[in-house]
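# Architecture and fold: a report
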Amino acid sequence: MKKIISILFIFIAALSIVSCSTRKHPVQPRPPVKSEHTAKSKRAAKKFQPQYSQQTISKLSKQFGVRLTQADNITLYSACSDWIGVGYRYGGNTKKGVDCSGFVSAIYKQVYGIGLERNSANILKKNCAPVRKNNLREGDLVFFRTTGSGNRDIPTHVGIYMKNGRFIHAGSSRGVVVNSLSEAYYVRTWITGGRVKTIPIPVPY
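So, a few notes on the structure that sits alongside this text. (Residues numbered from 1 in each chain as written. Predicted model: local features only at pLDDT ≥ 70, side-chain atom pairs only at ≥ 80, totals over all residues. Heavy atoms only, no water.)

### Structural notes on the packing of aromatic side chains
By the definition in use, this model includes eight aromatic pairs. Geometrically, the ring pair formed by Y185 and Y186 is edge-to-face, given 5.1 Å between the ring centres and 80° between the ring planes. Judged by its relative accessible area of 34%, Y185 falls in the partly exposed class. Assessed through its relative accessible area of 10%, Y186 is described here as buried. Grouping aromatic residues by their ring pairs yields a cluster made of F144, F167, Y185, Y186 and W190. In this structure, K133 is placed above the aromatic ring of W190, and the distance from its NZ or CZ to the ring centre is 4.6 Å. (Phe/Tyr/Trp six-rings, centres within 6.5 Å; stacked < 30°, edge-to-face > 60°. Buried < 20%, exposed > 50% of the residue type's maximum accessible area, 1.4 Å probe, protein only. Lys NZ or Arg CZ within 6 Å of the ring centre and 35° of its normal.)

Have a look at this one:
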C-alpha cells in the first residue's frame, strides 16, 4: 500500500512539473518603436527649414520680385541669391562661370542633397516627371528649346521655378538672372515644367 502511495505521489509531482513548464505566460505589449526613417526625415526637415529674419525675407523678396513669407522655401531663394550675377561659361559649374544645367545641378546639390544629370535634356528625361506650367511649384524645373533646329521636344535650356511666374537660370548672354515665364521669348521657347522625382528632404511649398 505504501508503495502504491509513493508511486502515485511521484506521478502527481511529475505532472505538476510538466504543467508548469508548458504554461504560457502573458506577453507584455512593447511600446511603439519610432521609425528610424521618420526620425531622420524630421531631423532633415528641421535642418533644411530654418527660420529666417524678416529682414532677410524682405531682401530676397526685392531681389526676386516676389512677395516671400516663412511659408516659402527661403533656403532655396537664399542659395539662388548667391549666384545672381555669376557669368556664363559653357560646361562651368562654379561661381567662376556656370552654364544652365551646371547652375541647376549646383543648387539641387546644395539645397536638396540631390545629384542631377549634367545637361538639360537628360535632366528632363532621367530626373523629372513632366509638370504643366499652371501646376509649377517652388523648386520645380522649367525647360526650353532655345537653340538648334532639332527635335522641338528636347530641351536645350533649364532653369529653376520660384513663384508668381518667376524663374532663375544661367543665360548665355547675362549669366545667372531672374526672368518671367510670361516674357515673349520664354513663351515661344517653352517646352515643359519638370518635378524632380525623388526629393528626400521635405520643403515648404
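### Structural notes on the packing of helix 4 (residues 74-81) against helix 5 (residues 100-112)
Running from N to C, helix 4 and helix 5 cross one another at 135°; their axes reach a closest spacing of 10 Å. Between helix 4 and helix 5, the interaxial angle falls into the category oblique. Crossing hand, helix 4 versus helix 5: right-handed. Facing T75, L76, A79 and C80 of helix 4, the residues of helix 5 in contact are F103, I107, Q110, V111 and Y112. Of the residues that constitute the contact of helix 4 with helix 5, the class distribution is seven nonpolar, two polar and no charged. (Axes fitted to C-alpha atoms, helices over the stretch in contact; angles between N-to-C directions. Helix = DSSP H or I, 4+ residues; strand = E, 2+ residues; numbered from the N terminus. Parallel < 35°, antiparallel > 145°, perpendicular 65-115°, else oblique. Left-handed = near helix turned anticlockwise from the far one by under 90°. Contact = heavy atoms within 4.5 Å. Nonpolar A, V, L, I, M, F, W, Y, C, P; charged D, E, K, R; others polar.)

### Quick look at the environment of I160
Along the polypeptide, I160 turns up in strand 5 (residues 157-161). As a C-alpha pair, I160 and V142 span 18 residues in sequence and 6.0 Å in three-dimensional space. With near-sequence residues (within four places) excluded, I160 lies in contact with L76, F103, V104, I107, G139, D140, L141, V142, F167 and I168.

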